[in-house]
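Each chain is listed here by its residues.
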Amino acid sequence: MEEHNSDIKNIKFTVFRAVDDRDASMSFVEGHKRVLEIFGITQISSAKADWILNPDVYVVLVTDEDTNKVLGGGRIHKANRKNRLPIEEAVGYMDDKIYKMVDDFTDVGTGEVAGVWNSFEVAGLGIGSIHLSTACMAYAKFVGITTLFGLAAPATYRNVLRGGFQVVTSLGNNGKFYYPKDDMTATVMFNHDVVNLPLAQDPQRSYVFEMREQAIYKQEVLSKQGDTVNLTFHIPKT
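Residues numbered from 1 in each chain as written. Predicted model: local features only at pLDDT ≥ 70, side-chain atom pairs only at ≥ 80, totals over all residues. Heavy atoms only, no water.

1. Focus: the overall build of the chain
Along the chain, the regular secondary structure elements total seven helices and ten strands. The globule rule puts the C-alpha radius of gyration for 238 residues at 18 Å, and the 17 Å found for the chain is close to it. With the C-alpha coordinates aligned to their principal axes, the bounding extent of the chain is approximately 45 × 40 × 35 Å. By residue count, 49% of the 238 residues in the chain fall in the buried class. A sequence separation of at least 24 residues applies to 70% of the contacts in the chain between residues at least 6 apart. Per element, the accessible surface of the chain, about 11,400 Å² overall, is 49% carbon and sulfur. Mean positive and mean negative side-chain charge positions of the chain (25 and 30 charges, respectively) differ by 3 Å. (Helix = DSSP H or I, 4+ residues; strand = E, 2+ residues; numbered from the N terminus. Rg over C-alpha atoms; globule rule 2.2 N^0.38 Å. Buried < 20%, exposed > 50% of the residue type's maximum accessible area, 1.4 Å probe, protein only. Contact = heavy atoms within 4.5 Å. Areas by Shrake-Rupley, 256 points an atom, 1.4 Å probe, with all protein chains shown as cover. Lys, Arg positive; Asp, Glu negative; His and termini not counted. Charge placed at Lys NZ, Arg CZ, Asp CG, Glu CD.)

Set out below in structure tokens:
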């Protein structure tokens, strides 16, 4: 297991289209795979690498600004009726109603936040993935996404709710599926309004709107060791 690194002081969040930077996308894939392997997860739809060729996938890459080491990331997949969303591949064989639901929202712009992961170095700081998810929601508006799906693990469920998502109780067992393994569960979530975020809670809701206003958004957070960590978000308006 990777050691925690309390020397990280400056973390950068960078957004780009996957097909525009293959090397950075592969860095994402390799880091995500390492984290999943630590938990014994080898088969998960959001970990596949075929999204690198999809022009409707956008990556939020998290790096140590001082060393350029990749520390985590997340992806925004925009539905396009050509490439299935990761959530469709994950639960579609268990409940095919997900396909119609995605299709019904595709014309108005829907997508999914997927593949969210943090290295143990970031986890050791106690910062968590909520900043990463917030950046994904902030950027989604700029690529024509008005609604978002998500597949929440128990550890991230509360943060997803805080982001304005609701459980899709019409799928699975009140939204729950045994995934990615028989001894693990995940919940299908949906945000009906990513643009205005009426159900999102502050301060996350305010952070999203501030990120959308500023090309470079900066935030200071305290690690669980009590140290200040500077977060810089580069969120293009295209």
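2. Some points on the pattern of salt bridges
The final tally for this structure, using the stated rule, is seven salt bridges. Across the salt bridge formed by Arg-81 and Asp-103, the nearest N and O atoms sit 2.6 Å from each other. Placement of Arg-81 in the loop between strand E3 (70-78) and helix H2 (86-91) and of Asp-103 in helix H3 (residues 97-106) is noted, with a sequence separation of 22 residues between them. As a salt-bridge pair, Arg-81 and Asp-107 come within 2.9 Å of each other at their nearest N and O atoms. With Arg-81 in the loop between E3 and H2 and Asp-107 in the loop between H3 and strand E4 (110-118), this pair connects stretches of sequence that are 26 residues apart. For Asp-107, a relative accessible area of 65% translates into the label exposed. When salt bridges with common partners are traced through the structure, they connect Arg-81, Asp-103 and Asp-107 into a single cluster. (Salt bridge = Lys/Arg side-chain N within 4 Å of Asp/Glu carboxyl O.)

3. Remarks on the confidence of the model for the chain
Residues shown with low pLDDT carry predicted positions that ought not to be read at fine detail. Of the residues in the chain, 92% reach a pLDDT of 70 or more, and the chain-wide mean stands at 90. Contacts of residues 1-5 to residues separated by more than four positions or lying in other chains number twelve contacts, the stretch itself having pLDDT below 50. (pLDDT = per-residue confidence, 0-100.)

4. Focus: the environment of Asp-7
Structurally, Asp-7 can be placed in the segment before strand E1 (10-17). Residue classification places Asp-7 among the exposed positions, given a relative accessible area of 62%. Along the sequence, Asp-7 and Gly-144 sit 137 residues apart, while their C-alpha atoms lie 38 Å from each other.

5. Some thoughts on unusual backbone geometry
Following Tyr-179, the chain continues to Pro-180 via a peptide bond in cis, the omega torsion being 0 degrees. A cis geometry characterises the amide bond from Asp-202 onward to Pro-203, with omega recorded as 10 degrees. When you line up the elements, Pro-203 lands in the loop between strand E8 (185-191) and helix H7 (204-213). Of note in this structure, Asn-68 is not a glycine but carries a positive phi near 70 degrees. Residue class for Asn-68 comes out exposed when judged on its relative accessible area of 56%. The phi torsion at Arg-81 lies on the positive side, around 65 degrees, for a residue other than glycine.

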